[in-house]
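# Chain and residue survey
The chain contents come next:
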Amino acid sequence: MNLSELYTLYRQHPTVTTDSRTCTPGSIFFALKGDTFDGNAYAEKALQAGCSYAVVDDRSIRAGKNRIVVENVLETLQQLAALHRKTLGVTVIGITGTNGKTTTKELLSAVLSQKYKTLCTQGNLNNHIGVPLTLLRLTEAHEIAVIEMGANHPGEIRSLADIAQPHYGIVTNVGQAHLEGFGSLEGVIKTKKELYEFLQRTNGKTFINRNDEHLAEMAGDIEQIPYGLLPSASGDSLFAGGCIIAQNPFLSLKWKSYGETPVHTINTHLIGSYNLWNILAAVTAGLYFNISAERINAAIAGYKPNNNRSQLKKTASNTLIIDAYNANPNSMQAALENFAALELSPKAVILGDMRELGQNSLELHEDIIRQIGRYDFEKILLCGEQFSEAASRCDSGKILPRGEQSSDAEKEYACFPDVDSLVGCLEKKPPKGYHILIKGSRALHLEKTIDKL
């Protein structure tokens, strides 16, 4: 069966699944392979569970009435998604970046949904499987698709852009993340730039942070729709500009569009000054797509994070700032700086390892430990093998910059090799009355600490 024939079949059965445990009656099962599983082994189960067809690439499975044998299931899924996106002709906005892409995606979707039927990436389905699955959720009713694109190896953004074929792009920022796969910061920059390169080839446009010199250099001569700080230090004409007016702890900001007098104020449910850029990106795109300032403000003010990203939670004993979905040196530093600037007391931090940092991982964890010593945090709990080893290398384990003496000998800190040992400590000696920042890579599952706080 060729791609055109498969697409005709898909239009008749427009629901796809890659999990034999979640088979909607009449759907199509794609038998993907992973490191520890082979979807081909579950094809019969999927058909028995209600799927109308199973797409497989195991040659021992005979093609039949409801079994479609292809050369490569993953490539077929990606090709089908690209064909579907091209056929429908929906406006697509692609978002990538080291930090902030998911929050930007959700804010942008909330804003655009005020006027348009909008589809956006669900959860973290932003990779070579998630992007095609998202595109295959598109229907004739959709007008705009907001597609998040993640990567941990060179070339991945190029591949995702070829599938999603965005008309517009946003690179939120570029920093140290997934260095194990990229090899260096230069590798990260080169990969994120692949979105700009696609837009360059296709005469696309980018919504861009004019205050980020790296992005301006990466974007080159692509048509730009800029946003930035008010007042604009560079004197450039911003499509939208804004600035922070309060953090208590939620972020409040004011913004205005270029050439207009009214200044608008938004009180958000987001924590962290770094979210200003995510908000301005959504504001700018909203204005560009002719959404009124009132609707833009309502959408952003009404957005409440619920995915362990800059999320505030009050328990019976403490107030938590939960940012435990992911972590890298840039986002960790930004979170600590923001937390230190908040007028709250007393403060505690629970920090988990930053994963996939490659050969310089220990040094990068040491840098974060030394940064902690500059702040007035009463309680410091580190979790993970990398933080534990790095702490032991920092001047006899003191959470201090090298060569400095502690002004508070009673500052409490401890290192735990894993989250279970940390949870055990919290059960025996739960903190009370603290404002606590929880930050780390999601592989550590720091969310397990929440019930103990």
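One can find the structure itself at the top, above this paragraph.
Below, the structure is looked at part by part. (Residues numbered from 1 in each chain as written. Predicted model: local features only at pLDDT ≥ 70, side-chain atom pairs only at ≥ 80, totals over all residues. Heavy atoms only, no water.)

## Structural notes on the sheet that holds strand β13 (residues 264-271)
Taken in spatial order, the nine strands line up as β6-β7-β5-β8-β9-β10-β11-β12-β13 in an open sheet, and their pairing is mixed. Two strands close off the open sheet at either side, each with one partner strand: β6 (118-120) and β13. The mean inter-strand angle of the sheet, taken between neighbouring strand axes irrespective of direction, is 20°. Of the strand pairs in this sheet, β6 and strand β7 (residues 144-148) are connected by three bridges, and their pairing is parallel. (Pairing = 2+ DSSP bridges. Helix = DSSP H or I, 4+ residues; strand = E, 2+ residues; numbered from the N terminus. Axes fitted to C-alpha atoms, helices over the stretch in contact; angles between N-to-C directions.)

## What about the side chain of Asp57?
With respect to the element layout, Asp57 can be found in the loop between β3 (53-56) and β4 (67-69). Engagement of the side chain of Asp57 in a polar contact is seen with the side chain of Asn40, the distance being 2.9 Å. Beyond its immediate sequence surroundings of up to four residues, Asp57 is in contact with Ala31, Lys33, Asn40, Val70, Glu71, Asn72 and Val73. (Polar contact = N/O pair within 3.5 Å; in protein donor to acceptor, adjacent residues only side chain to side chain. Contact = heavy atoms within 4.5 Å.)

## Concerning the pairing of β7
Most of β7 sits inside the fold, with five of its five residues counted as buried. The alternating pattern of β7 places Ile144, Val146 and Glu148 on one face and Ala145 and Ile147 on the opposite face, and all of these are buried. Of the pairings in the sheet, the one linking strand β5 (residues 91-96) to β7 comprises five bridges and is parallel in character. Note on β7: the bridge partner recorded for Ile93 is Val146. (Buried < 20%, exposed > 50% of the residue type's maximum accessible area, 1.4 Å probe, protein only.)

## Notes on the pattern of salt bridges
Between side chains of opposite charge, pairing is possible as soon as their charged atoms come close. All chains considered together, the criterion is met by 17 salt bridges. In this structure, Asp57 and Lys33 form a salt bridge, with 3.7 Å as the shortest nitrogen-oxygen distance. With a gap of 24 residues between them, Asp57 in the loop between β3 and β4 and Lys33 in the loop between β2 (28-30) and α2 (43-48) connect regions that are remote in the sequence. Each member of the salt-bridge network shares a partner with another, and the members are Lys105, Glu106 and Glu148. (Salt bridge = Lys/Arg side-chain N within 4 Å of Asp/Glu carboxyl O.)

## Topic: the sheet that holds β4
In spatial order, the strands read β1-β2-β3-β4; together these four strands make up an open sheet with parallel pairing. If you trace the sheet from one side to the other, it starts and ends with β1 (16-17) and β4, each paired once. Relative to β3, β2 is paired through three bridges, and the arrangement is parallel. Across the sheet, Phe30 pairs through a bridge with Val55, a residue of β3. Sheet strands in contact with helix α3 (residues 73-88) are β2 and β3, and its direction is about 130° off that of β2.

## Some thoughts on the side chain of Asn209
Take Asn209: it is sitting in strand β9 (residues 205-209). Engagement of the side chain of Asn209 in a polar contact is seen with the backbone nitrogen of Asn211, the distance being 2.9 Å. With residues up to four places along the chain from it excluded, the contact list for Asn209 reads Leu215, Tyr227, Gly228 and Trp277.

## Digging into the packing of helix α12 (residues 329-341) against helix α13 (residues 361-372)
Two packed helices can be described by the angle between their axes and the distance between those axes. Running from N to C, α12 and α13 point in directions that differ by 5°, and their axes come no closer than 11 Å. Considering their axes alone, α12 and α13 lie roughly parallel with respect to each other. Judged by residue contacts, Pro329, Met332, Gln333, Leu336 and Glu337 of α12 engage Leu364, Ile368, Gln371 and Ile372 from α13. Residues that form the contact of α12 with α13 fall into these classes: six nonpolar, two polar and one charged. (Parallel < 35°, antiparallel > 145°, perpendicular 65-115°, else oblique. Nonpolar A, V, L, I, M, F, W, Y, C, P; charged D, E, K, R; others polar.)

## Looking at the packing of aromatic side chains
In the structure shown here, the tally under the stated rule is eleven aromatic pairs. Aromatic side chains Phe207 and Phe289 sit 6.5 Å apart centroid to centroid with 50° between the ring planes, which places their arrangement in the tilted category. On the criterion of sequence distance, the pair formed by Phe207 in strand β9 and Phe289 in the loop between α10 (275-288) and α11 (293-302) is long-range, its members being 82 residues apart. For the pair Phe207 and Phe289, one class covers both residues: buried. Linked through ring pairs, Tyr116, Tyr168, Phe207, Phe239, Tyr288 and Phe289 together constitute an aromatic cluster. Across the ring face of Phe339, the terminal group of Lys347 is positioned such that the distance to the ring centre comes to 5.4 Å. (Phe/Tyr/Trp six-rings, centres within 6.5 Å; stacked < 30°, edge-to-face > 60°. Lys NZ or Arg CZ within 6 Å of the ring centre and 35° of its normal.)

## Focus on unusual backbone geometry
Apart from glycine, the bulk of residues carry a negative phi angle, and the bulk of peptide bonds sit in the trans form. The omega torsion across Asn248 and Pro249 is -10°, close enough to zero to call that bond cis. Structurally, Pro249 is set in the loop between β11 (240-247) and β12 (250-257). Residue Pro346 is bonded to the preceding Ser345 through a cis peptide linkage, with omega at -5°. By the element assignment, Pro346 lies in the loop between α12 and β16 (347-352). Of note, the phi angle at Gln165 is positive, near 50°, even though the residue is not glycine. Phi is positive for Asn290, close to 65°, though the residue is something other than glycine.

So far we have only geometry, and geometry alone does not tell us how the molecule works.
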